[in-house]
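Residues per chain, in single letters:
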Amino acid sequence: MAAPTPCSPVIVHTDDVLGLATYETGDHGIHTRGIFDPELLDRCISCGFCLPACPTYALEKDEASSPRGRITLMRALEAGTIDEYDPVLQEQSSQCLGCRACEVPCPAGVEYGLLLETWRDHQWAGRHGNPLAKVLRWSVERRSLLRLSGLVRRFARTTRYARSTQPHIMLGCAERVLFPSVSRAAMRLVRGSDVPIEQGCCGALHAHNGDSTRGAELARRLGQDLPGTIVTTAGGCAAHIAHNLGRDRLKELSEYLVETGYLAPGELLVDDEQGGRRRARVTLQDSCHLRNGLRVTAQPRALLRQVADYVELPSAGSCCGSAGSYSVLRPKESARVLAPKLEEIMAADVDFIVTVNPGCQLQLATALALRRSKTKAIHLADLLVRVEDDAAAGGSGTAGIR
Ligand code: SF4
Ligand code: SF4
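Scope of this entry: the structure provided in the associated data block. (Residues numbered from 1 in each chain as written. Chains lettered and ligands numbered in written order. Predicted model: local features only at pLDDT ≥ 70, side-chain atom pairs only at ≥ 80, totals over all residues.)

### Quick word on the sheet that holds strand β9 (residues 376-379)
- Taken in spatial order, the 4 strands line up as β7-β6-β8-β9 in an open sheet, and their pairing is parallel. The strands lining the two open edges of the sheet, one partner per strand, are β7 (309-310) and β9.
- Of the pairings in the sheet, the one linking strand β6 (residues 281-285) to β7 comprises 2 bridges and is parallel in character. Bridge pairing in β7 places Val282 opposite Tyr310.
- Packing of helix α19 (residues 358-370) onto the sheet brings it into contact with β6, β8 (352-355) and β9, and relative to β9 it is tilted by some 160 degrees. (Pairing = 2+ DSSP bridges. Helix = DSSP H or I, 4+ residues; strand = E, 2+ residues; numbered from the N terminus. Contact = placed C-beta atoms within 7 Å. Axes fitted to C-alpha atoms, helices over the stretch in contact; angles between N-to-C directions.)

So, in structure tokens, the structure goes:
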């Protein structure tokens, strides 16, 4: 059979590939339940070009675990040809990482991330939602908790009232608790930035876990807390904020630094085998939503090439398995997604794997520490500030490694 082209929708009966009631992936226009935006759902032409990009399809080798298979399921749900609480719907809406890698090769412009949010809103409503996801959503909404966990305030210039003329650093919910040094580093790198104390969650966690309405409300509220340009060090939040507030309101840190002409004052040095110092070897783990949602890929690499020997790994753009709350909600699958990447990192003989998202940072730092790897995970902001500290200390390289 000839390879499918973007102009020749493939008619695949789901009872062939998914074991479901008769439904054709190429059959557009069946909209009886009003769950999905018909225009979004109809865009898929079932060509399958997205399959090689999908981490869960790579693991399972099963059509149901692919983007095309999941869109087929969404269409069956919309058409009412499958029971809405059929286990396969629950399983696949949960097994998907939400990494949006399938959007990049798609010739039809399918906005899979939006479809997935709608699917989960419906699928995980009421008692069908994951209780742990509900706890996570609840905790990031508590402003008092966020304020208490804002350790960054002890070290940084914060302001009670935000000024719209200054760029504002967003204190991510997870990052301010797990990696407060990242926010502090970002404040130093973004000269003249404000860090308003009063800022809540951006709502990405809600949108990705079955409550996109609340996710949009929280994003709008954050936009009021932080008027003007919002600079984030969390790639996972970046796409959600840009989608809800407009692309012009959002700058991811590396994007901001490159656009404002950031020049590192030195380089990152490490001990060499002969007792001297050498330029560090570093690689990057992309943030899925930063790469696949906002297509920001060149900027962090450009910054890293300024300060170190950059090594591109084949899997740099594929999900590390963190995927927001996925590593908490589905730890076994998360570890399976991570495993081949971990082998690749350790074989590459790099000193640092650099992250641009706190979830990736936690996932990689934990796994590399458990494997006693010499490779350390570090956020880009922390790495650049270490270079600045070293330059201020005379450039010996001693401040670069701690
Ligand atoms: S979002 Fe990621 S895991 Fe989900 S279907 Fe797309 S590529 Fe596969
Ligand atoms: S999501 Fe895009 S790439 Fe995947 S099958 Fe549909 S049209 Fe093809």
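### With respect to the packing of helix α4 (residues 67-79) against helix α5 (residues 87-95)
- The geometry of α4 relative to α5 is characterised by a closest axis approach of 11 Å and an angle of 135 degrees between their N-to-C directions. Classified by the angle their axes make, α4 and α5 are oblique. The element α4 and its partner α5 pack so that their crossing is left-handed. Contacts from Arg70, Leu73 and Leu77 of α4 reach α5 at Val88, Leu89 and Gln92. (Parallel < 35°, antiparallel > 145°, perpendicular 65-115°, else oblique. Left-handed = near helix turned anticlockwise from the far one by under 90°.)

### Notes on the sheet that holds strand β1 (residues 168-169)
- Taken together, the 3 strands give an open sheet; going across it, the order is β1-β2-β3, and neighbouring strands pair in parallel fashion. Edge positions in the open sheet fall to β1 and β3 (250-252), since each of these has one partner strand only.
- Here helix α13 (residues 235-245) sits on the sheet and contacts β2 (230-232) and β3; the angle it forms with β3, its principal contact strand, is near 165 degrees.

### Focus on α13
- Burial runs high along α13: 10 of the 11 residues are buried.
- Considered for burial, the residues of α13 that qualify are Gly235, Gly236, Cys237, Ala238, Ala239, His240, Ile241, Ala242, His243 and Asn244.
- Looking at the buried side of α13, the elements it contacts are α11 (204-208), α12 (212-225), β2, β3, α15 (288-293) and α19.
- Of the residues trailing α13, Gly246 is marked for its positive phi of about 105 degrees. (Buried ≥ 20, exposed ≤ 12 C-beta atoms within 10 Å, placed from the backbone.)

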